[in-house]
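Analysis of the macromolecular model
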Amino acid sequence: MSATVAVGLEGVVISYGEAPAVRGVDLAVAAGETVALLGPSGSGKTTLLYAIAGFLPLSAGSIRLEGSLVSSPSASTPPEQRPVAMVFQHYGLWPHMDATDTVAYPLRRAGVGKGQARTRADELLEQMRIGHLGARRPAELSGGEQQRVGLARALARRPSVYLLDEPTAHLDTVLKSDLQAELATRVHADGAAAIHATHDVEEALAVADRVVLMRDGEIVQVASPGAVYAEPANDWAARLTGPASFVEGALSVAGADGPGRYLVRPDWVRFGGSLGATVTDVRYRGTHTDYRMTTALGHVLLREPGPPRFAVGAETACTIERVWRMEAAP
């Protein structure tokens, strides 16, 4: 395996009892790359992260970190001996430790002296903009503050691989955006690989170099954020990665090659043109407005910036500027 591969999964199967939760997963993540695992609850995202971290055994297959075998059905390297750091969805902070000691802990485990470890921990907390909270325990911190402590603890290890399990799931929109940016900056600065599990499509598309779509423990598609949005593998992938309309007919637009069944994203449609449309639903979202319309080709969702210009029942026209050909509906 190439030295540039930080995480290598081959035929990974993970079972709870007789029921496999992950089924034959193959995936390679390069050093410096961020991969998002995107899927609904129960798709196997967290299970896969826990196996990479060493918390779950494999029923079949293998896991390699930096080229070294760390998991197989017959052998497993303990979690503390793997070059990984995990940020848990529910923070995973020790209730008896204050923030500084929590962040200093992995440094102390690595042999750094107490004073130096605490100094470095305070520096990391300062970088997370919570340096003034170093003496507080988890019960005295908000959810966002706890998550930043968890991130600082992961950064303290300077691992080769970051495993991020829904790290912003419980944060408000502004804090989520800030933490995503901070996380991306730190991971890339370290040249580490990151595997980011999330059910939030906007987060996955924003943070990842590649997106892995997972369903029922299997990989459905692996592609760039742009490709999973614009060229989904099937109807399920299309709906998972954003608002999706499906039309049928003969189209002469980008992505069409004659009669067929096509995906249309709301940003691929504009008002004006020759396709008659009746507005059936209007949703103002603040930064934009979504219009659901009926046309001769089928139902279409259109999104444009600003407040509503049309009301329900309005007769108008639109143009579909781009499509992606889909297989026949299942």
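A quick note: this is a predicted structure, and the numbers were derived from the prediction, not measured.

Two elements, strand β12 (residues 245-251) and strand β13 (residues 258-264), share 7 bridges in a ladder whose sense is antiparallel. Opposite Gly-249, over in β13, you have Gly-260 as the bridge partner. Counted between consecutive antiparallel strands, the loop separating β12 from β13 contains 6 residues, among which Gly-255 sits at a positive phi close to 95°.

Looking now at the sheet that holds strand β1 (residues 5-16). Across the sheet, which stays open at both edges, the 5 strands sit in the order β2-β1-β4-β5-β6 with antiparallel pairing between neighbours. Both edges of this open sheet fall to β2 (19-30) and β6 (75-76), since each of them pairs with a single strand only. Across 3 bridges, the pairing between strand β4 (residues 60-65) and strand β5 (residues 68-72) is antiparallel. Looking at the pairing, Leu-65 lines up with Ser-68 of β5.

Moving on to the packing of helix α2 (residues 99-109) against helix α4 (residues 143-156). Contact geometry for α2 and α4: axes closest at 7 Å, N-to-C directions at 25°. Viewed along their axes, α2 and α4 adopt a mutual orientation that is roughly parallel. Crossing geometry of α2 relative to α4 is assigned as right-handed. Contacts between α2 and α4 involve Ala-99, Thr-102, Val-103, Pro-106 and Leu-107 on the former and, on the latter, Val-149, Ala-152, Arg-153 and Ala-156.

Now for the sheet that holds strand β16 (residues 298-305). What the 4 strands build is an open sheet, ordered β16-β15-β14-β17; its pairing is antiparallel. The sheet is open, and its two borders are formed by β16 and β17 (315-320), each paired with just one other strand. Looking at each pair of strands side by side, their axes are set apart by 50° on average, direction ignored. The pairing of strand β14 (residues 269-284) with β17 spans 7 bridges and is antiparallel. Directly across from Leu-275, in β17, lies its bridge partner Cys-318.

Basis of the calculations
- Residues numbered from 1 in each chain as written.
- Predicted model: local features only at pLDDT ≥ 70, side-chain atom pairs only at ≥ 80, totals over all residues.
- Heavy atoms only, no water.
- Pairing = 2+ DSSP bridges.
- Helix = DSSP H or I, 4+ residues; strand = E, 2+ residues; numbered from the N terminus.
- Axes fitted to C-alpha atoms, helices over the stretch in contact; angles between N-to-C directions.
- Parallel < 35°, antiparallel > 145°, perpendicular 65-115°, else oblique.
- Left-handed = near helix turned anticlockwise from the far one by under 90°.
- Contact = heavy atoms within 4.5 Å.

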